[in-house]
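# Residue-level structural notes
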Amino acid sequence: MKPDSTLKVLVFDLHPISRKGIRLLLDTMELRMKVTEATRERQLYKLITSQRFDLVVLSVNDVDSLNNEVISPILSKTAVLYTEEGAENAMDLMALGGGACMSKKCTDTALREGISAVLQQRRYVCATTQAHVNTEYWRFRAIRNGTGAYRPRVRQLTSRESEVASLLKTGLKTGEIADRLQIQHSTVSTLKARAFRKLSVTNLVQAIQTLD
């Protein structure tokens, strides 16, 4: 992308006030941008499958999950913003290859850093998000499961999750693992996300270090 080029940006948030806040934040970055807004999931899917965007700012505000099959191709160009209620799905998206993950409790500086990282093809996790991985995220899962106590780290993988994690460790790609295990590509992605979540990691390097 040339410095003087106009960036194509897609902003998705169900709430108009949040979309306005994101646009105001983007305005402070002093970059040439053409911003398109998606106000519903169906509109989001249509836009990302029919147009090319340099950056997608994707808000996850609740427990409803997005269609990972449709979202996956653009995750590396995606900055995920989330509220506490959407923490679980935000972590899943990051585990599946999201470019950046930031809590909406982050400072504007951290949000800008995350967006800049995505544009520079780097991955970014803000400090507040890292805290969510270790504490609030697990507390949220405990609340959803109706339990009064929780453990901040859950390392017990199912046999299938362990199998996928072991194959990832050998360097096999998602498609290769799907062929090896004779399961769907989307199933491997789901098992990968679950394994990363249970290990409290956001990428393969961290997963390997945790499994060693």
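Residues numbered from 1 in each chain as written. Predicted model: local features only at pLDDT ≥ 70, side-chain atom pairs only at ≥ 80, totals over all residues. Heavy atoms only, no water.

## Some words on the state of the cysteines
Under the counting rule described, the total for this entry stands at one disulfide. Covalent S-S linkage joins C106 and C126, the inter-sulfur distance amounting to 2.4 Å. Pair noted here: C106 is in the loop between β5 (100–103) and α5 (108–119) and C126 is in the loop between β6 (124–125) and α6 (127–144), with a separation of 20 residues, a long-range link. In terms of burial, C106 and C126 fall into one category: buried. Cysteine C101 remains unbridged, with the sulfur of C126 as its closest cysteine sulfur at 7.2 Å. (Disulfide = S-S within 2.5 Å. Helix = DSSP H or I, 4+ residues; strand = E, 2+ residues; numbered from the N terminus. Buried < 20%, exposed > 50% of the residue type's maximum accessible area, 1.4 Å probe, protein only.)

## Observations regarding helix α9 (residues 185–198)
Helical geometry note: an α-helix holds 3.6 residues per turn, so side chains three or four residues apart project in the same direction. In this model α9 runs 20 Å from its N-terminal to its C-terminal C-alpha over 14 residues, within 8% of the 20 Å that 1.5 Å per residue would give. Among all positions of α9, only V188, S189, L191, K192, A193, A195, F196, R197 and K198 are buried. (Expected span 1.5 Å × (residues − 1).)

## Things to note about the confidence of the model for the protein chain
Per-residue confidence for the protein chain gives a mean pLDDT of 82; residues scoring 70 or more make up 79%. Ranking the elements of the protein chain by mean pLDDT puts α6 last, at 64, and strand β1 (residues 7–12) first, at 96. In the predicted structure, residues 149–154 sits below a pLDDT of 50 and forms 15 contacts with residues beyond four places in sequence or in another chain. (pLDDT = per-residue confidence, 0-100. Contact = heavy atoms within 4.5 Å.)

## So, the nonpolar core
In this structure, L10, L44, I71, L93 and I177 are the most contacted members of the largest nonpolar core, which totals 36 residues. Of all the secondary structure elements, the ones that give two or more residues to this core are β1, α2 (41–50), β3 (55–60), β4 (78–82), α4 (87–95), α7 (159–169), α8 (174–181) and α9. Ranked by the residues each element gives to this core, the list is headed by α4, at six residues. Each residue touching L10, except ones within four places of it in the same chain, is listed here: T36, E37, A38, L44, L47, I48, F53, L55, V56 and V57. With 22 residues, the next largest nonpolar core counts I22, V57, C106 and A110 among its residues. (Core = buried A, V, L, I, M, F, W, Y, C linked by side-chain atoms within 4.5 Å.)

## Looking at the side chain of S103
Topologically, S103 is positioned in strand β5. Exposure remark for S103: the relative accessible area of 2% places this residue in the buried category.

## Considering the pairing of β4
Extensive coverage of β4 is indicated by the burial of five of its five residues. The side-chain alternation of β4 yields two buried faces, one formed by T78, V80 and Y82 and the other by A79 and L81. In this structure, β3 lies alongside β4, joined through five bridges in parallel fashion. Across the sheet, V56 pairs through a bridge with T78, a residue of β4. Bridge count between β4 and β5: four bridges; the pairing is parallel. Each bridged residue has a counterpart across the sheet, and for A79 the counterpart in β5 is A100. Between the parallel pair β4 and β5, the chain is carried across by α4, and the sense of this crossover is right-handed. (Pairing = 2+ DSSP bridges. Right-handed = clockwise from strand over helix to strand, strands pointing away.)

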